[in-house]
Amino acid sequence: MAIKIEHLTHIYNEGMPFEKKALDDINIDVAKGEFIGIIGHTGSGKSTLIQMFNGLLKPTSGNVIINGRDIHGNGVNKKEVRQQVGLVFQYPEYQLFEMTVYEDVAFGPKNLGLSEEEIKARVEYGCKAVGLDESYYAKSPFELSGGQKRRVAIAGVLAMNPNILILDEPTAGLDPKGRNELFVQLKKMHEELGLTIVLISHSMEDVARYVDRLLVLYKGKKAYEGTPREVFAHGIELEKIGLLCHRLDIL
Ligand SMILES: Nc1ncnc2c1ncn2[C@@H]1O[C@H](COP(=O)(O)OP(=O)(O)OP(=O)(O)O)[C@@H](O)[C@H]1O
Ligand SMILES: [Mg+2]
C-alpha cells in the first residue's frame, strides 16, 4: 500500500473558541500505482488531508502510513518522507523564482547535494515527464503560459524522484484547453512512470475521466468512494450536496 490513513482526525486550534474539525475519522487506502481523485467543496478538508500525506501536518489523532511506515513513528526521517511524497501545491507557479526553467527544476536536486551530472539527469526526467523538451531549459519561467508554468512546477517536484505525487487542484485557473492538456499529460505520466498519483479537484466532471478511483469528502468526512462509475451511481445524493451539476455522458 502506498498510502494508508487510519482513523485520521484533525482539529485546527483545538481548545480555542474558534476550533475547527477539518477532518473527521478518515480511513483511506491508496494502492501502489493507483491514480485517485479527491473531490469536495471548498472547506471540505482536501488540502488539510493531503498535507498529512507527507507529514507537513501532524494529525490530532490517527495514523499516516506511507509505503508501509508510520511517518510519525519513532526514528522516521521526515525529510525522507517528503522526498518519497512529492506535493504540488495549488498555484505552484507562484513558487517559481529562478531565471530559467532549468534552474528552477534543478533547485530541489541541488539542495540534495547531488552531482551536476545527477542534477541534469533529474531535470531531464522531470521535464520529459511533463512534456517540456530541451528548448524550454533556457527560457524564463515567467515568459511561459499558465499551463506551461504549472508543468515547470510539477517537473521540479518530480525531479526529487518521488514515488507518490500529490497535486492540489493542478488545473485551477487554466482554460479548458490547458486543463485538458494537463490532465492528459498527468495520465500519461502515471502510466509511463508507474507513479501513485493523488489529485485534488473541485470538479467531478474533470477528474472522472482520468482517475481509477474517486473519493468524495464532505464536511471533513469521507462521503463516497469507488470507481467513477460507482460514485456517480450516487448521483442524486451528490446533486444534493452540490457536487454534480449535470448528468455525465462519459460513463
Ligand atoms: N491553518 C488553518 N487554521 C484554521 N483553520 C483552517 C486552517 N486551514 C484550513 N482550515 C479550515 O479547515 C477546513 C478545511 O480546510 P481545507 O483548506 O482543508 O479545505 P479544502 O477542501 O482544501 O478547501 P478549498 O477547496 O477551498 O481549497 C476549513 O473550514 C478551513 O477554514
Ligand atoms: Mg484546498
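Refer to the structure printed above.
As a starting point, this report considers the structure included with it. (Residues numbered from 1 in each chain as written. Chains lettered and ligands numbered in written order. Predicted model: local features only at pLDDT ≥ 70, side-chain atom pairs only at ≥ 80, totals over all residues. Heavy atoms only, no water.)

A word on the site of ligand 1
Step number 1: Taken together, 13 residues lie near ligand 1, and Thr42, Gly43, Lys46, Ser47 and Thr48 sit nearest.
Step number 2: One of the backbone N or O atoms of Gly43 is found 2.8 Å from an oxygen atom in ligand 1.
Step number 3: The separation between an oxygen atom of ligand 1 and a polar main-chain atom of Ser44 is 3.2 Å.
Step number 4: Notes on ligand 1: free accessible area 630 Å², of which the protein chains cover 65%. (Near = heavy atom within 4 Å. Polar contact = N/O pair within 3.5 Å; in protein donor to acceptor, adjacent residues only side chain to side chain. Areas by Shrake-Rupley, 256 points an atom, 1.4 Å probe, with all protein chains shown as cover.)

Here we look at the packing of aromatic side chains
Both the distance between ring centres and the angle between the ring planes are used here to describe each pair of aromatic rings.
Step number 1: Overall, the coordinates contain four aromatic pairs when judged by the stated rule.
Step number 2: A centroid spacing of 6.0 Å and a plane angle of 35 degrees characterise the contact between Tyr91 and Tyr94, whose relative ring orientation is tilted.
Step number 3: The ring centre of Tyr136 lies 4.7 Å from the NZ or CZ of Lys139, which sits over that ring. (Phe/Tyr/Trp six-rings, centres within 6.5 Å; stacked < 30°, edge-to-face > 60°. Lys NZ or Arg CZ within 6 Å of the ring centre and 35° of its normal.)

Comments concerning the sheet that holds strand β1 (residues 3-12)
Step number 1: Taken together, the four strands give an open sheet; going across it, the order is β2-β1-β4-β5, and neighbouring strands pair in antiparallel fashion. Here the strands that pair on one side only, and so sit at the sheet edges, are β2 (20-30) and β5 (69-70).
Step number 2: Bridge count between strand β4 (residues 61-66) and β5: two bridges; the pairing is antiparallel. Bridging from a neighbouring strand, Ile65 pairs with Asp70 of β5. (Pairing = 2+ DSSP bridges. Helix = DSSP H or I, 4+ residues; strand = E, 2+ residues; numbered from the N terminus.)

Quick look at the pairing of strand β8 (residues 196-201)
Step number 1: Burial runs high along β8: six of the six residues are buried.
Step number 2: Here β8 shows no split at all, with Thr196, Val198 and Ile200 on one side and Ile197, Leu199 and Ser201 on the other all buried.
Step number 3: Summarising the sheet, strand β3 (residues 35-40) and β8 pair through five bridges and their orientation is parallel. Paired with Ile38 across the bridge in β8 is Ile200.
Step number 4: With five bridges joining them, strand β7 (residues 164-168) and β8 adopt parallel strand pairing. Bridge assignment links Ile164 to a residue of β8, and that residue is Thr196. (Buried < 20%, exposed > 50% of the residue type's maximum accessible area, 1.4 Å probe, protein only.)

Examining the nonpolar core
Step number 1: Among the nonpolar cores identified, the biggest contains 48 residues, and Leu165, Met189 and Met204 are the most heavily contacted of them.
Step number 2: Beyond its immediate sequence surroundings of up to four residues, Met204 is in contact with Ile39, Leu214, Val216, Val231, Phe232, Leu238, Leu243 and Leu244.
Step number 3: Membership of the second largest hydrophobic core comes to 28 residues, among which are Ile38, Val64, Val85 and Leu87. (Core = buried A, V, L, I, M, F, W, Y, C linked by side-chain atoms within 4.5 Å. Contact = heavy atoms within 4.5 Å.)

Quick notes on unusual backbone geometry
Step number 1: In the Ramachandran plot, Tyr91 falls in the positive-phi region, its phi being about 50 degrees despite a non-glycine side chain.
Step number 2: Structurally, the position occupied by Tyr91 is in the loop between β6 (85-88) and α3 (101-111).
Step number 3: Assessed through its relative accessible area of 32%, Tyr91 is described here as partly exposed.
Step number 4: In this model, Asn161 sits at a positive phi of 60 degrees, which is unusual for a non-glycine residue.
Step number 5: With respect to the helices, strands and loops of the structure, Asn161 is situated in the loop between α5 (146-158) and β7.

So, the pattern of salt bridges
Charged atoms that come close allow side chains of opposite charge to pair.
Step number 1: For the structure shown, the criterion picks out 12 salt bridges.
Step number 2: Between Lys120 and Glu124 there is a salt bridge, with its nearest N and O atoms 3.0 Å apart. With a gap of four residues between them, Lys120 and Glu124 both fall in helix α4 (residues 116-129), about one helical turn apart.
Step number 3: Using a relative accessible area of 42% as the deciding quantity, one classes Lys120 as partly exposed.
Step number 4: Glu124 sits in the partly exposed class, given a relative accessible area of 28%.
Step number 5: We note a salt bridge from Glu225 to Lys222, for which the minimum N-O separation is 2.7 Å.
Step number 6: With a relative accessible area of 30%, Lys222 lands in the partly exposed category. (Salt bridge = Lys/Arg side-chain N within 4 Å of Asp/Glu carboxyl O.)

What to know about the packing of α5 against helix α6 (residues 176-193)
Two quantities define a packed helix pair, namely the angle between the helix axes and the distance between the axes.
Step number 1: Relative orientation of the contacting elements α5 and α6 amounts to 20 degrees, with a least axis distance of 12 Å. Comparing the axis directions of α5 and α6 gives the class roughly parallel. For the pair α5 and α6, the crossing hand works out as right-handed. Each of Arg150, Arg151, Ile154 and Leu158 in α5 lies in contact with α6, whose residues at this interface are Glu181, Leu182, Gln185 and Met189.
Step number 2: Taken together, the residues of the contact of α5 with α6 sort by class into four nonpolar, one polar and three charged. (Axes fitted to C-alpha atoms, helices over the stretch in contact; angles between N-to-C directions. Parallel < 35°, antiparallel > 145°, perpendicular 65-115°, else oblique. Left-handed = near helix turned anticlockwise from the far one by under 90°. Nonpolar A, V, L, I, M, F, W, Y, C, P; charged D, E, K, R; others polar.)

That's the geometry; what it means functionally is another story.
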